[in-house]
Amino acid sequence: MPTVSPEQIYAEYSGKVMGYIRARVRNKADAEDLLSDVFEKIIRKLDGFDPEKASLSTWIFTVTRNTVIDHFRRSRPSEELDENLSDDTELDEDLLNTESLTELATALRKLPQQLMDIVVLRYYDGKPLTEIARMMNLSYGAVKLRHQNAIMLLKQSLAT
Amino acid sequence: MENALRTMFDYQKFESNPALQSVIDSVHSRWSVKELSMDEMEFVNAAGTPDIRPIKSGELDRDANRKS
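Rules used throughout
Residues numbered from 1 in each chain as written. Chains lettered and ligands numbered in written order. Predicted model: local features only at pLDDT ≥ 70, side-chain atom pairs only at ≥ 80, totals over all residues. Heavy atoms only, no water. Axes fitted to C-alpha atoms, helices over the stretch in contact; angles between N-to-C directions. Helix = DSSP H or I, 4+ residues; strand = E, 2+ residues; numbered from the N terminus. Parallel < 35°, antiparallel > 145°, perpendicular 65-115°, else oblique. Contact = heavy atoms within 4.5 Å. Nonpolar A, V, L, I, M, F, W, Y, C, P; charged D, E, K, R; others polar. Salt bridge = Lys/Arg side-chain N within 4 Å of Asp/Glu carboxyl O. Buried < 20%, exposed > 50% of the residue type's maximum accessible area, 1.4 Å probe, protein only.

On to the packing of helix H3 (residues 56–75) of chain A against helix H1 (residues 2–15) of chain B. Two elements in contact, H3(A) and H1(B), have axes whose closest approach is 11 Å; the angle formed by their N-to-C orientations is 105°. Here H3(A) is positioned roughly perpendicular relative to H1(B), judged by the angle of their axes. Residues A:Ser57, A:Ile60, A:Phe61, A:Thr64 and A:Arg65 of H3(A) form the contact with H1(B), whose participating residues are B:Asp10, B:Tyr11, B:Phe14 and B:Glu15. Partitioning the contact of H3(A) with H1(B) into residue classes produces four nonpolar, two polar and three charged.

This is the structure in structure tokens:
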């Protein structure tokens, strides 16, 4: 049984939930509706939340993400989902913590600047490599090679 | 690794980890990638495709004369 009340959860997490929704959904009214949907789900499912399976923050993130995915499926059924929102792959919940994000930041800072830029533009902003190549005035082949190099270096850095 | 990066950068949009946000902001400042505020995004939605171009010298005066 959770020891936090829905009011406490709203006070602590509504900013994060709205921040995530705003990064995904451009229409203000839709974003506000989704915020309500997320907290309705959280309140409804709170009794079933098991802190031994996931942290409260990870659980709220997952509810928020799934609500946004449902929104896009309903509103744009013919369009492909953003790669970062694709549910083809299971979320690795071991990565959903602030320590992992800090480790990623440290690993990114060790990369040459151009490789760091490619990774952020590709995975945070969701830009295709062709667009990154145009922005950087490089050939697609050059960006693809540097992207592969960046992935390899990050893998090594995060493994240590 | 690529899925891990997608997951972590997606989670960053929820968590706003300061160390990672600092990296993201530094990249955005180099490439003029600006995250629009909700009000700005609403303005863009309402405007549709903007047709913005610089106003040429004297153009406003000519338009005013044409209307009068």
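Evaluated as defined, the whole model comprises eight salt bridges over all chains. For A:Lys16, the salt bridge identified is with B:Glu15, shortest N-O distance 2.7 Å. In this pair, A:Lys16 is assigned in helix H1 (residues 6–24) and B:Glu15 in helix H1, connecting two distinct chains. For B:Asp10, the salt bridge is made with A:Arg65, and the minimal N-O distance between the two is 3.1 Å. Here the residue B:Asp10 occupies a position in helix H1, and A:Arg65 occupies one in helix H3, the pair thus bridging two chains. Each member of the pair, B:Asp10 as well as A:Arg65, is classed as buried. What emerges from the salt-bridge pattern is a single network uniting A:Arg24, A:Arg65 and B:Asp10.

It is worth spelling out the environment of A:Val119 at this point. Residue and element names in this part refer to chain A. One can find Val119 in helix H5 (residues 113–123). Judged by its relative accessible area of 0%, Val119 falls in the buried class. Distance in space between the C-alpha atoms of Val119 and Ala107 is 11 Å, their sequence separation being 12 residues.

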